[in-house]
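Each chain, letter by letter, is given below.
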4 protein chains.
Amino acid sequence: MTSAPRPPLRVGLLGYAFMGAAHSQAWRTAPHFFDLPLRPELTVLAGRDATALAAAAGRLGWGSTETDWRRVVERDDVDLVDICTPGDTHAEMAIAALEAGKHVLCEKPLANSVAEAEAMTAAAEKAAAHGVRAMVGFTYRRVPAVALARKLVADGRLGQIRHVRAQYLQDWIADPAAPLSWRLQKEKAGSGALGDIGAHIVDLTQFITGQTVTGVSAVLETFVRKRPLPASTGTLGGVAGEGMGEVTVDDAAVFLGRFTGGALATFEATRFALGRKNAIRIEVNGSAGSLAFDFEDMNVLKFFDGAEPGETAGFRRIVVTEPEHPYVAAWWPAGHGLGYEHGFTHQVVDLVTALAAGEQPTPSFADGLQVQRVLDAVERSAADRSTWTDIDTEGVH
Amino acid sequence: MTSAPRPPLRVGLLGYAFMGAAHSQAWRTAPHFFDLPLRPELTVLAGRDATALAAAAGRLGWGSTETDWRRVVERDDVDLVDICTPGDTHAEMAIAALEAGKHVLCEKPLANSVAEAEAMTAAAEKAAAHGVRAMVGFTYRRVPAVALARKLVADGRLGQIRHVRAQYLQDWIADPAAPLSWRLQKEKAGSGALGDIGAHIVDLTQFITGQTVTGVSAVLETFVRKRPLPASTGTLGGVAGEGMGEVTVDDAAVFLGRFTGGALATFEATRFALGRKNAIRIEVNGSAGSLAFDFEDMNVLKFFDGAEPGETAGFRRIVVTEPEHPYVAAWWPAGHGLGYEHGFTHQVVDLVTALAAGEQPTPSFADGLQVQRVLDAVERSAADRSTWTDIDTEGVH
Amino acid sequence: MTSAPRPPLRVGLLGYAFMGAAHSQAWRTAPHFFDLPLRPELTVLAGRDATALAAAAGRLGWGSTETDWRRVVERDDVDLVDICTPGDTHAEMAIAALEAGKHVLCEKPLANSVAEAEAMTAAAEKAAAHGVRAMVGFTYRRVPAVALARKLVADGRLGQIRHVRAQYLQDWIADPAAPLSWRLQKEKAGSGALGDIGAHIVDLTQFITGQTVTGVSAVLETFVRKRPLPASTGTLGGVAGEGMGEVTVDDAAVFLGRFTGGALATFEATRFALGRKNAIRIEVNGSAGSLAFDFEDMNVLKFFDGAEPGETAGFRRIVVTEPEHPYVAAWWPAGHGLGYEHGFTHQVVDLVTALAAGEQPTPSFADGLQVQRVLDAVERSAADRSTWTDIDTEGVH
Amino acid sequence: MTSAPRPPLRVGLLGYAFMGAAHSQAWRTAPHFFDLPLRPELTVLAGRDATALAAAAGRLGWGSTETDWRRVVERDDVDLVDICTPGDTHAEMAIAALEAGKHVLCEKPLANSVAEAEAMTAAAEKAAAHGVRAMVGFTYRRVPAVALARKLVADGRLGQIRHVRAQYLQDWIADPAAPLSWRLQKEKAGSGALGDIGAHIVDLTQFITGQTVTGVSAVLETFVRKRPLPASTGTLGGVAGEGMGEVTVDDAAVFLGRFTGGALATFEATRFALGRKNAIRIEVNGSAGSLAFDFEDMNVLKFFDGAEPGETAGFRRIVVTEPEHPYVAAWWPAGHGLGYEHGFTHQVVDLVTALAAGEQPTPSFADGLQVQRVLDAVERSAADRSTWTDIDTEGVH
């Protein structure tokens, strides 16, 4: 960490709800802990409600505001557009930004449909020819324990992967009295638990194993089909009114999968697992070792080394807070754990590092498209009596 | 526990391998801790190898031996036949015993095919008209933590069940060099992980929820298709020789399911989860509460009470060793945990109690048939591109 | 496990309450799982109440009864006297039995005072000259995870021991309304939590480390000084009546200690740790590794190997159910855990094996005396403003 | 979080090592998540090495620098002095700042001796008469799970406290080859594990129980008495050179304690618990409930409610990430855990809130003095054969 001057990276952020706050914290914090090759500037924040927007910009630390996101794309003083709006807006925003020569960081899921994701990927590839980069925001890859899991697999410590089991369990709408929101409406959110949290475990398991899902058999379920309308709307649109409204997305998605290397997988994403708040659980069994991760204990990775003699073999509880561990050296001494938001900070670090090096940051839009195709295959299988459905791999590298 | 004299229950045991040893310990131990209405006598042990049989009878405490199981069925001094042989022999033995007027306890899975299980169930129902009883041995129901789970669901503490996730993870053949055995041969074992351990989690989840599985979507996998032949044979048949032999059963089974009450389920049974020795994991999420059990911590049940205020809500780690808990009062003071074999002892207790009361012990052969139909549907779905396959409910009450 | 005939070992058991039941189960069970060099016979059970005694003998499987324990000591058909009565009777019974040429297994704590323990140890050493053996029953040494802990230390996997922390936490009298019992009376029990459960953690930490405690600084506490008298008496004496009676032993004992090798130790024994039923927790930190055990998860030993690189170092959760682990091969396949009572069975195995080999079983009465001296030093320190108090090592080998 | 303009709070920070970085992150972050009544400004950073200081100021976000801390105290544009230097400098700096009318936040332990702490407390009380406030930085109080623990005790959920057991386990100098640093030198650090981490568990247990320690019996130990000198010095002084230097502080401290309400306590602070990186473990047993916390799982509090029926009683694993929990509503949705540094942010929030309200922030210097007196009693007891040593309560409210 030297004091050498860094060129600026001027950021325009679209959206300031949960994800907007997380991204803001990341842009603010990354340069204080990591020696970034570019100096992020929180240039402009966009949203539709001028009053709420001004408050958000002040609270989150942004230098200016725009009530029309197109203005952000057009502004000369913006180098990168960071998209934190609902999924139905991603394609239009990202394509416009890329065409305007801005780098793009787009929250997951990449889009609400494969068609949109394909268009975005095409735009990203066209832009890349001019050095303009696009990245999709699967931040859980940057939890140190997850990054260590990836490393152990890549190092061969698991051998041939045989089983993957992944669950993303929440309970925030387990109560039928929880109100309708944009996240429960297909036209805004694309899908429910599937796209919101199922996308994460598809990406995480593909990232950790270094393989992709080749087919699925799925069931989707909406346990509560009508919910009370909320009194007022949320950020950037939503629903409001009196009486009941229809839930048009899935509450839960369960599916079987197969990975390129032959591993069997089970996936479950639900918002109805009472008592589980944000439990992302990933287990991988290989011929040489096994891994287990649970975001409820996010600074820990469990690792079973099959080479260990039986007398002393057992899952090791690795507290992933050592300087040897990914991202950790920049933070605190051993044993002083990180939190949820640090994944976003690491995302900024990796993105900025790639941009400065003129390299493609990962996960790319093509990676996001591939996840979208898995989600699409899940929906098609679920609609066709769970029949095994292969994943289209066209255009995915 | 009084010293009043009890009528005898004279037992003939078929098989003396792993299950035979476990059943023997149960028959010996139950009367020392529970005030049984009948006094079990370890009358006769059957097996084909006279030398090994004599040694086993001495070690396990049986009063006499027979090298032909049919003699056990015929003997006047036998009231109950306990079947601990491989699955391909269950139907013939059980039907013969029932027809001879002997009560039957038959190890799971009930049979190697639905047709056999149907014939056994018919025989059991015919016998029941004469007061002769048949029971299938799903002993994990009798782990106190599992019995408590069932009680909490029955008491309404979970509300409407929405999710069931069940895994039975072992790793004893994860090594491709592990030898072929009868458990890996379809004609002996019927199926692999599916029938051996998958049957347990089907039964356990149905027992805990009080519901049955109505349909499945499944994938089966055999990771290692050829294995070295063992030098010598095991008990009651098996394989032997030089070179390699073919594995004709599944190594792993994964399937989605739906329960009668609408709950979504995921099931996984595998012998390739490196580092997991006998991890039976069951989680149930309902509208009012959630449960989690893991046999690796068998004296514990985790329970989330949705009625608890958010400030203090959390999964409780109930150490199921209190006198209030099922079966526990007969054993040790609070906190002094039980082991694997105690489930078999409780099975003897429940069976003997039902016999003395002239009632049907549970799980009945019809219950075992219903599990068999789920396994059969799993195999048919897996053979038909994972297409959703309904479970036949004919003759199941 | 052959069927070769074994010479008998005829056992007389004194007492049939909690410990008597546990010892009975061990004597009955051991020969069915282990190939013992002697064949235990449950010859005679002694107690004072003839009616209760007859019922107990029937329930526990003993061949005859005596209402006077001296008759057991005198009987020609008794080879070994197993003492499961309260501590105030141990010295008289054990010395009489040894003088009569009977082997002795005596429950812990060895005695209620150092003087008694010294007399018993002297009697044991005199008897040993004639091949008559005495052993004290610290059964927790025989939990496989504890025996593995001992082995890892002996193998040097921990290096130089620096820290020992041991807790034995119960809560059965946390409620002030819990009635008075013989365990709360000094003249019967000698001490309270200190001798009853503190003795176990002193023995366990000495066993695991292979070192002895050289000095202590202690505090004792009686939180509830008066308790309701129970309506009727317990086995082999006790208190009864109306109104309140005085608690004359400690409810809790906390002490610091130093081991021969220089390690620092903390000890805590209490019956007031609400929610902890039988939590025996032992942690040992050495220069090369660390260990952690908790009886609430009795089939698990946690081990940290300091030689592991930082990237993958972590406490391993060793599920101590592998055939490589102490005592385990005689029982079930990997992953099928044992329970509380198995420690007693292993105690019988080790005792019978030593007797047949003409060797001194461990722990010896001298070992029990050494623990008694630690307890005595705790009481003296607590009575002297917690001043550091050295342990007398006279006569301890 | 409104956009109303807030008066500034201009901060001068002394020291920029580990603690300086943590405090800087807190000052930067707090206003983005909490609606603070004052607007912190990172006005000036002080350190002795101008080059390193400039780099640190850039990295940590401070507006100016001073190589003489006295200049910070004198500057008119500083409202609060934040002291993050070694303990030997605290008294002089804090007293000077208070006398200059600056509020003071001083890292723990308050001082290296009781005498210094008394002088600081006197200065703080004098300053308070003029509305100038002083606070000592025991940040672990602000971990949400710890704050919840305090609330549950204050709400009476534990009843009468009977046991406290507290451990702070690290291993960063378990290796004898780890170099000497200022933290291992008495003249800089005052004491070793005792003051560095033992101080935290004294404060935490007093905070959670709402009681103070009245006496102790203690042992101190230095396992490794000579260590290699480091090649270069650390921030704000230290040791350097060739060869070996003497460790003049304790490596570990163990002590028994008694709380005002009668509870028994055990304390252990060590830097030699191999495999434990920053394990702060606190357990409290009361007559109505029990609590357990471990910083290795910092977003979790375990709570046993003694009012729960035995059938469903058990320690609840409360994931302390609900909006109902202390500090949490300002951050992320349920289940998205916080990290180590968030405690410092909460400290800023509580401090700024108290300053704006004209109230005394807690813990006060008097609270820090009380902890210092406990540490002093520990040292005196350890030097006097562990004899019970009462804590002086003079001047502590």
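Residues numbered from 1 in each chain as written. Chains lettered and ligands numbered in written order. Predicted model: local features only at pLDDT ≥ 70, side-chain atom pairs only at ≥ 80, totals over all residues. Heavy atoms only, no water.

An unreviewed UniProt entry annotates chain A as Gfo/Idh/MocA family oxidoreductase of Modestobacter versicolor.

(A) Quick peek at the overall build of chain A. Scanning chain A from N- to C-terminus turns up 10 helices and 17 strands. The C-alpha atoms of chain A give 21 Å as radius of gyration, which agrees with the globular expectation for 397 residues (21 Å, within 12%). If one aligns the C-alpha atoms of chain A with their principal axes, the spans along those axes are about 65 × 60 × 40 Å. Of the contacts formed within chain A by residues at least 6 apart in sequence, a portion of 71% connects residues at least 24 apart. Carbon and sulfur atoms form 50% of the exposed surface of chain A, whose accessible area is close to 12500 Å². (Helix = DSSP H or I, 4+ residues; strand = E, 2+ residues; numbered from the N terminus. Rg over C-alpha atoms; globule rule 2.2 N^0.38 Å. Contact = heavy atoms within 4.5 Å. Areas by Shrake-Rupley, 256 points an atom, 1.4 Å probe, with all protein chains shown as cover.)

(B) Expanded view of the domain arrangement of chain A. All names here are of chain A. Domain annotation for chain A reports domain 1 (8-139) and domain 2 (144-297 + 299-338). For domain 1 and domain 2, the distance between their C-alpha centres works out to 24 Å. Listed by partner, the interface residues are 16 residues for domain 1 and 18 residues for domain 2. Area buried by domain 1 at its contact with domain 2 is led by F33, P86 and F138, which between them contribute 34% of it. Put simply, domain 1 and domain 2 have two salt bridges between them. Between K188 and D88 there is a salt bridge, and its shortest N-O distance comes to 3.6 Å. The residue inventory of the side of domain 1 that touches domain 2, partitioned by class, reads seven nonpolar, six polar and three charged. (Domains from an automatic or database assignment. Buried area = accessible area lost by both parts, 1.4 Å probe. Salt bridge = Lys/Arg side-chain N within 4 Å of Asp/Glu carboxyl O. Nonpolar A, V, L, I, M, F, W, Y, C, P; charged D, E, K, R; others polar.)

(C) Expanded view of the relation of the copies chain B and chain D. Overlay of chain B on chain D (RMSD 0.0 Å): rotation 180°, translation along the axis 0.0 Å. In short, the pair behaves as if placed about a two-fold rotation axis. No C-alpha of chain B lies nearer the rotation axis than that of R316(B), which sits 1.9 Å from it. The overlap is high: 100% of the interface residues of chain B also sit at the interface in chain D, so the same surface is used on both sides. (Least-squares fit on C-alpha atoms with pLDDT ≥ 70 in both.)

(D) Representation of the relation of the copies chain C and chain D. Mapping chain C onto chain D calls for a screw motion: a turn of 180° about the axis and a shift of 0.0 Å along it, with 0.0 Å RMSD after fitting. When the interface residues of chain C are mapped onto chain D, 100% of them are again interface residues, pointing to one common binding face.

(E) Here's a closer look at the sheet that holds strand β5 (residues 103-107) of chain D. Residue and element names in this part refer to chain D. If you walk across this open sheet you meet the six strands as β3-β2-β1-β4-β5-β6, and the pairing is parallel. Here the strands that pair on one side only, and so sit at the sheet edges, are β3 (64-66) and β6 (134-137). Averaged over all adjacent pairs, the angle separating strand axes in this sheet is 25°, with direction ignored. Relative to the sheet, helix α10 (residues 365-383) contacts β5 and β6, its axis offset from that of β6 by approximately 45°. (Pairing = 2+ DSSP bridges. Axes fitted to C-alpha atoms, helices over the stretch in contact; angles between N-to-C directions.)

(F) Region of interest: the interface of chain B and chain D. Chain B puts 19 residues into the contact, and the matching count from chain D is 19 residues. In this assembly, chain B packs against chain D so that about 1400 Å² is buried in total across both faces, 45% of it on carbon and sulfur atoms. It is E311(B), T312(B) and R316(B) in chain B that bury the most area against chain D; as a group they hold 43% of the surface buried on that side. Applying the counting rule to chain B against chain D returns four salt bridges. At the junction of chain B and chain D, the tally comes to 10 residue pairs in polar contact (both at pLDDT 80 or more). Listed by contribution, the elements that provide at least two residues to the side of chain B that touches chain D are α6 (144-154) and β16 (315-319) of chain B. Here the side of chain B that touches chain D gets four residues from one element, more than from any other, and that element is β16(B). Its residues assigned to classes, the side of chain B that touches chain D comprises six nonpolar, four polar and nine charged. Bridge analysis of β16(B) against strand β16 (residues 315-319) of chain D gives three bridges, and the strand direction is antiparallel. Pairing of F315(B) across the sheet is with R317(D), part of β16(D). (Polar contact = N/O pair within 3.5 Å; in protein donor to acceptor, adjacent residues only side chain to side chain.)

(G) Structural detail: the packing of helix α1 (residues 18-33) of chain B against helix α1 (residues 18-33) of chain C. Running from N to C, α1(B) and α1(C) cross one another at 180°; their axes reach a closest spacing of 12 Å. Accordingly, the angle class assigned to the pair α1(B) and α1(C) is roughly antiparallel. Contacts from Q25(B), R28(B), T29(B), H32(B) and F33(B) in α1(B) reach Q25(C), R28(C), T29(C), H32(C) and F33(C) in α1(C). The residue inventory of the contact of α1(B) with α1(C), partitioned by class, reads two nonpolar, six polar and two charged. (Parallel < 35°, antiparallel > 145°, perpendicular 65-115°, else oblique.)

(H) Examining the UniProt feature "domain: Gfo/Idh/MocA-like oxidoreductase N-terminal" (unreviewed entry) in chain A more closely. The UniProt record annotates "domain: Gfo/Idh/MocA-like oxidoreductase N-terminal" (unreviewed entry) at residues 9-136 of chain A. Each end of residues 9-136 of chain A is marked by a C-alpha atom, and these two atoms are 18 Å apart; helix forms 45% of the span and strand 23%. (UniProt positions renumbered as here; feature names shortened; annotations may be inferred.)

(I) Quick look at the packing of aromatic side chains. Counting across every chain of the model gives 60 aromatic pairs over all chains. When the ring of F223(A) is compared with that of F272(A), the centres are 5.1 Å apart and the planes differ by 50°; the resulting orientation is tilted. Of the two residues, F223(A) is situated in the loop between β8 (213-221) and β9 (226-228) and F272(A) in the loop between β12 (264-270) and β13 (279-286); the sequence distance between them amounts to 49 residues. Relative accessible area serves as the criterion here: at 0%, F272(A) is assigned to the buried category. Joined through ring pairs, the aromatic side chains of F18(A), Y140(A), Y168(A), F295(A), Y340(A), F344(A), F33(D), F34(D), W331(D) and W332(D) make up one cluster. One cation-aromatic arrangement involves R276(A) over F315(B); the distance from NZ or CZ to the ring centre is 3.7 Å. (Phe/Tyr/Trp six-rings, centres within 6.5 Å; stacked < 30°, edge-to-face > 60°. Buried < 20%, exposed > 50% of the residue type's maximum accessible area, 1.4 Å probe, protein only. Lys NZ or Arg CZ within 6 Å of the ring centre and 35° of its normal.)

(J) Looking closely at the pattern of salt bridges. Taken as a whole and assessed by the stated rule, the structure comprises 128 salt bridges over all chains. The closest approach of N and O atoms between D305(B) and R157(B), which form a salt bridge, is 3.3 Å. One end of the pair, D305(B), is in strand β15 (residues 300-305); the other, R157(B), is in the loop between α6 and β7 (161-169), with 148 residues separating them in the sequence. It is possible to trace a salt-bridge network through shared partners that takes in R157(A), D305(A), E308(A), R316(A), R157(C), D305(C), E308(C) and R316(C).

(K) Spotlight on the environment of G314(A). Within the secondary structure, G314(A) is located in the loop between β15 (300-305) and β16 (315-319). On a C-alpha basis, the gap between G314(A) and F303(A) in space is 8.1 Å, while along the polypeptide they are 11 residues apart. Not counting chain neighbours up to four residues away, the residues in contact with G314(A) comprise F303(A), F304(A), R316(C), R317(C) and I318(C).

(L) How the structure looks around the layout of surface pockets. Considering only enclosed or pocket space, the second largest pocket measures out at about 1100 Å³ in volume. Around the second largest pocket, the lining is made up of 45 residues, and of these F18(B), W172(B), W182(B), R183(B) and P333(C) lie nearest the centre. Listing elements by their share of the lining of the second largest pocket, those giving two or more residues are α1 and α8 (193-209) of chain B. Broken down by element, the residue count for the lining of the second largest pocket peaks at four residues, all from α8(B). Considering only residue class, the lining of the second largest pocket consists of 21 nonpolar, 17 polar and seven charged. (1 Å grid on protein atoms, 1.4 Å probe; cavity = no way out; pocket = protein on both sides within 12 Å on 5 of 7 lines; lining within 4 Å. Points joined across faces, edges and corners; volume = space filled by probe spheres on them.)

(M) Structural detail: the sheet that holds strand β2 (residues 39-46) of chain A. Residues and elements named next belong to chain A. Taken together, six strands build an open sheet; the order of strands is β3-β2-β1-β4-β5-β6 and the sheet is parallel. In this open sheet, the two edge strands, each paired with only one partner strand, are β3 (64-66) and β6 (134-137). Sheet twist, expressed as the average angle between the axes of neighbouring strands with direction ignored, equals 25°. Where strand β1 (residues 8-14) meets strand β4 (residues 80-83), four bridges bridge the pair, whose relative direction is parallel. Directly across from G12, in β4, lies its bridge partner V81. The strands touched by helix α9 (residues 342-357) within the sheet are β1, β4, β5 (103-107) and β6, with β5 carrying the most contacts at an inclination of about 155°. Contacting β5 and β6, helix α10 (residues 365-383) crosses the sheet at an angle of about 45° to β6.

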